[in-house]
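Structural overview
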Amino acid sequence: MSLSNVSADLIWEITRSQNSYLVKRTSGGGVQFSRDPLNLTNKHARKYAGFVNDKAVGVVAGEKGGVVVTTKKAGSITKPSARYTVAFGANKTARKTYKAIARQVGKTGYRADLIQAAVARASAIRRSQRAVKPEPAQKLRGNAAKKAAASA
């Protein structure tokens with residue numbers, strides 16, 4: 001959210017203690033999280049706050065696998081649907097996906113400081129989409145193995 005006559009720093013100072021994305025926890029030392037879809041780390045901090053920054057990046061899971069990268073256009077504050085989204089399919093290798101995300105986020109100096117966070121988030125999403133391997137059956141050891149071998 002950026003208006004021509006209001007700075008992002010002023011918006012952050014006004015909204016940092018109370019906004020719809022803020023999640024406050026009393027346990028764990030009063031840590032604060034954010035539910036902002038354009039916040040890559042879910043930390044409540046000015047650097048990662050997507051609703052404050054003119055340029056913000058969001059990475060979410062795709063409907064059919066893969067990841068979707070959303071970047072915020074600075075000139076489309078009154079048109080949220082005009083955000084720029086790019087889907088990286090599940091048929092690509094992980095390395096190609098991460099390289100494409102790094103290129104998308106860091107291209108022409110968009111938000112080079114968020115490249116590592118964007119790739120880490122995409123990696124976590126890709127890891128969660130993998131099929132779970134079944135655990136192998138426990139091998140019998142010691143006397144139990146000897147008894148089983150003798151009875152067979």
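Up top you'll find the structure we're talking about.
Read on for a plain summary of the structure. (Residues numbered from 1 in each chain as written. Predicted model: local features only at pLDDT ≥ 70, side-chain atom pairs only at ≥ 80, totals over all residues. Heavy atoms only, no water.)

We now examine the pairing of strand E4 (residues 67–71). Across the 5 residues that make up E4, a large majority, 4, are buried. As paired strands, strand E3 (residues 57–61) and E4 are joined by 5 bridges and run antiparallel to one another. Following the sheet pairing, Gly58 is matched in E4 by Thr70. Linkage of E3 to E4, two consecutive antiparallel strands, is achieved through a turn of 5 residues, within which Gly65 is found at a positive phi near 90°. Bridge count between E4 and strand E5 (residues 84–88): 5 bridges; the pairing is antiparallel. In the sheet register, Val69 faces E5, and the bridge partner there is Val86. (Buried < 20%, exposed > 50% of the residue type's maximum accessible area, 1.4 Å probe, protein only. Helix = DSSP H or I, 4+ residues; strand = E, 2+ residues; numbered from the N terminus. Pairing = 2+ DSSP bridges.)

A word on the sheet that holds E3. Strands pair in a sheet through their backbones, by hydrogen bonds, and they do so in one of two ways: parallel or antiparallel. Taken together, 3 strands build an open sheet; the order of strands is E3-E4-E5 and the sheet is antiparallel. At either end of the open sheet lies a strand with only one pairing partner, and these are E3 and E5. The sheet shows a mean angle of 20° between the axes of neighbouring strands, direction not considered. Strands E3 and E4 of the sheet are contacted by helix H3 (residues 115–129), whose axis makes an angle of about 5° with E3. (Axes fitted to C-alpha atoms, helices over the stretch in contact; angles between N-to-C directions. Contact = heavy atoms within 4.5 Å.)

Before going further, it helps to spend a moment on the packing of aromatic side chains. The tally for this structure, following the rule as stated, stands at 1 aromatic pair. Arranged with centres 5.6 Å apart and planes meeting at 40°, the rings of Tyr21 and Phe51 form a pair that is tilted. With Tyr21 in the loop between helix H1 (8–15) and strand E1 (22–24) and Phe51 in the loop between strand E2 (32–34) and E3, this residue pair connects regions lying 30 residues apart in the sequence. Classification of Tyr21 as partly exposed rests on a relative accessible area of 27%. Judged by relative accessible area, Phe51 falls into the buried class, the value being 16%. (Phe/Tyr/Trp six-rings, centres within 6.5 Å; stacked < 30°, edge-to-face > 60°.)

Let us look at the nonpolar core. If you look at the biggest cluster of nonpolar residues, it comprises 17 residues, and the most contacted ones within it are Leu40, Val57, Val59, Val67, Phe88 and Ile101. Of all elements in the fold, only E3, E4, E5, helix H2 (94–106) and H3 reach the threshold of two or more residues within this core. At 4 residues, the largest contribution of residues to this core is made by H3. Contacts of Val57, omitting those with residues within four sequence positions, involve Leu38, Asn39, Leu40, Val69, Thr70, Thr71, Val105, Tyr110 and Leu114. Counting residues in hydrophobic clusters, the runner-up holds 6 residues, among them Ala8, Ile11, Trp12 and Ala49. (Core = buried A, V, L, I, M, F, W, Y, C linked by side-chain atoms within 4.5 Å.)

Another point: unusual backbone geometry. Phi at Asn42 takes a positive value of approximately 60°, unusual for a residue other than glycine. Secondary-structure assignment places Asn42 in the loop between E2 and E3. On the accessibility criterion, Asn42 (28% relative accessible area) is partly exposed.

Before going further, it helps to examine the pattern of salt bridges. Two side chains bearing opposite charge may form a pair once their charged atoms approach each other closely. Applying the stated criterion across every chain, the model contains 3 salt bridges. In this structure, Asp9 engages Arg46 in a salt bridge whose closest nitrogen and oxygen atoms are separated by 3.0 Å. Here Asp9 is found in helix H1, whereas its partner Arg46 is found in the loop between E2 and E3, with 37 residues between them in sequence. Look at Asp9 and you get partly exposed, because its relative accessible area is 48%. The class of Arg46 is partly exposed, set by a relative accessible area of 25%. Glu13 is paired through a salt bridge with Arg16; the nearest N and O atoms lie 3.9 Å apart. Glu13 sits in the partly exposed class, given a relative accessible area of 47%. (Salt bridge = Lys/Arg side-chain N within 4 Å of Asp/Glu carboxyl O.)

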